[in-house]
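# A look at the structure
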Amino acid sequence: MDSSPAGSSDPGIVGGLGGLDGLGALGDLGGLDALTDLDARIAGCRACPRLVAWREEVARTRRAAFADQTYWGRPVPGYGPADASLLIVGLAPAAHGGNRTGRMFTGDRSGDVLYAALHDVGLASRGTSVSADDGLELYGVRVTSPVHCAPPANKPTPGERDTCRPWLVRELELLRPTLRAVVVLGAFGWQAALPAFAAAGWTVPRPRPVFAHGARVSLGAQDGPAAGSIELFGCFHVSQRNTFTGRLTPAMLRDVLRTAAGAAGLTTRPYDG
């Protein structure tokens, strides 16, 4: 992902504040045939006024620790290979994490926990994620979120969640040929993702499955078994609230990732820490 400030009209925001006109890039997404095209369209979206104002205000004012950095200040696309068989779905970018660096779970403590666990089980090239150009590679794994802009107080509204859903639906459609398992971090992501799975061609059970850490649900393809099912896993979010209190431990996270990776056909390694 290009995070250079070239062409920026604001020294604190990559690309300035102009973006795309009107709603940005929503509308007919069916013509987007590659994740790179989808990612570029996501980065130009301006569909939610409250989120646009907040992400750009944060990028202008900046945290003191990052005062000399140029913030991304735009929607943050998913990250990882286009042929991923395992998808991790979070909540939304952090104001001084993804909104600063331009990459999912990068530059914040939640990302520190997630990528350390992915590295521990052999699904990432390194256990830290500090910038978009730090060389991190994910092996068979892609990371995304149901809301692509940093929200105030880390709380998107239901309307913002629903407005952002078409991006996740199209991402799932593009991943569908290889996708075999999904880990959803937290109840918000779970509730946001279930309608997206249905819209992307999988059958969601009725009543809808309830979020729980360690939950596992099989989603069959709406057009028959030959189209491929996916295994859906629930995991507590890697937020500081959960990790600092011990509600989610590194061992718990590794266990979910290892189980989901197995369902996705990915090889993991034992944790020797």
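All residue numbers here refer to positions counted from 1 along the written sequence of the relevant chain. Thresholds applied to this predicted model are a pLDDT of at least 70 for local features of residues and 80 or more for the giving and counting of side-chain atom pairs; totals over whole chains, interfaces and linings are not thresholded and use all residues. The side-chain quantities take in all heavy atoms of the structure and omit both hydrogens and water.

### Some points on the overall build of the protein
Filter applied, for reference: Secondary structure elements follow DSSP: runs of H or I of four or more residues count as helices, runs of E of two or more count as strands, with numbering from the N terminus. Three labels apply to residues, based on accessible area from a 1.4 Å probe with only protein chains included: buried if under 20% of the type maximum, exposed if over 50%, partly exposed otherwise in between. By definition in these notes, contact holds between two residues if any of their heavy atoms fall within 4.5 Å. Per-residue accessibility takes into account occlusion by the displayed protein chains alone, with areas from the Shrake-Rupley method and a 1.4 Å probe.
In terms of helices and strands, the protein carries eight helices and five strands. Scanning the protein from its N terminus toward the C terminus, one meets helices and strands in the order α-α-β-α-α-β-α-β-α-β-β-α-α. Looking at the protein residue by residue over its 273 residues, the buried ones come to 52%. In the protein, once contacts between residues fewer than 6 apart in sequence are set aside, the share between residues at least 24 apart is 68%. Entry remark: accessible area of the protein is about 11,400 Å², with carbon and sulfur atoms responsible for 53%.

### Considerations on the pairing of strand β3 (residues 181-185)
If a strand is regular, its side chains alternate between the two faces of the sheet. What counts here: At least two bridges found by DSSP between two strands is the condition for calling them paired.
By the criterion of burial, β3 is predominantly enclosed, with five of the five residues buried. Side-chain alternation along β3 places A181, V183 and L185 on one buried face and V182 and V184 on a second face that is also buried. Where strand β1 (residues 86-89) lies against β3, four bridges are found, and the strand directions are parallel. Paired with L86 across the bridge in β3 is A181. Relative to strand β5 (residues 230-235), β3 runs parallel, the two being bridged by five bridges. Considered in β5, the bridge of V184 is made with G234.

### Looking at the packing of helix α5 (residues 158-175) against helix α6 (residues 187-199)
In plain terms, the rule: Convention adopted: a line fitted to C-alpha atoms gives each axis, helices being fitted over their contacting stretch, and angles between N-to-C directions are expressed from 0 to 180 degrees. Every angle not falling under 35 degrees, over 145, or within 65 to 115 is termed oblique; those three ranges are roughly parallel, roughly antiparallel and roughly perpendicular. Left-handed describes a crossing whose near helix is turned anticlockwise from the far helix through less than a right angle; right-handed describes the clockwise counterpart. We call Asp, Glu, Lys and Arg charged. Ala, Val, Leu, Ile, Met, Phe, Trp, Tyr, Cys and Pro are nonpolar, and the rest, Gly among them, are polar.
It is the contact of α5 with α6, at a shortest axis distance of 9 Å, that shows an interaxial angle of 55 degrees. One element, α5, and the other, α6, form an angle in the oblique class. When the axes of α5 and α6 are compared, the crossing they make is right-handed. Contacts from R161, R165, L168, V169, L172 and E173 of α5 reach α6 at F188, A192, A193, P195, A196, F197 and A199. For the contact of α5 with α6, a count of residues per class yields 10 nonpolar, no polar and three charged.

### As for the confidence of the model for the protein
For clarity, the cut-off: What pLDDT conveys is the predictor's confidence in a given residue, as a value from 0 to 100.
Mean pLDDT over the protein stands at 90; residues scoring 70 or higher make up 88%. With pLDDT under 50 throughout, residues 1-11 is counted as low confidence; its partners more than four residues away or in other chains account for 24 contacts. Low pLDDT, under 50, characterises residues 15-25; the stretch is placed with 26 contacts to residues that sit more than four places away or in other chains.

### Description of the pattern of salt bridges
To keep things clear, this is the line we draw: For this analysis, a salt bridge means a side-chain nitrogen from Lys or Arg found within 4 Å of a carboxyl oxygen belonging to Asp or Glu.
Using the criterion set out here, one finds 14 salt bridges in the structure. D134 serves as the salt-bridge partner of R103, at 2.9 Å between the closest nitrogen and oxygen. One end of the pair, R103, is in the loop between α3 (98-101) and α4 (109-120); the other, D134, is in the loop between α4 and β2 (141-144), and 31 residues separate them in sequence.

### Concerning the state of the cysteines
Quick note on the threshold: Throughout, a disulfide means two cysteine sulfur atoms within 2.5 Å of one another.
In the structure shown here, the tally under the stated rule is zero disulfides. Considering cysteine sulfurs only, C45 is the nearest to C149, which forms no disulfide, with 6.5 Å between them.

### Considering the packing of aromatic side chains
For clarity, the cut-off: Note on ring pairs: Phe, Tyr and Trp rings are taken, using the six-membered ring of Trp, and paired if centres are within 6.5 Å. Classes follow the plane angle, with under 30 degrees stacked, over 60 edge-to-face and the rest tilted. The criterion is that NZ of a Lys, or CZ of an Arg, lies within 6 Å of the ring centre and within 35 degrees of the ring normal, and then a charge sits over that ring.
Within this structure, the stated rule accounts for three aromatic pairs. Ring geometry for W190 versus F211: centroids 5.8 Å apart, planes at 70 degrees, classification edge-to-face. A residue pair is termed long-range when its members are at least 10 positions apart, and W190 in helix α6 and F211 in the loop between α6 and β4 (216-219) qualify at 21 residues. Each member of the pair, W190 as well as F211, carries the same accessibility label: buried. Members of the aromatic cluster, connected to one another through ring pairs, are W190, F211 and F236. A cation over a ring is seen here: R100 above F66, with NZ or CZ 3.7 Å from the ring centre. Across the ring face of W202, the terminal group of R176 is positioned such that the distance to the ring centre comes to 5.3 Å.

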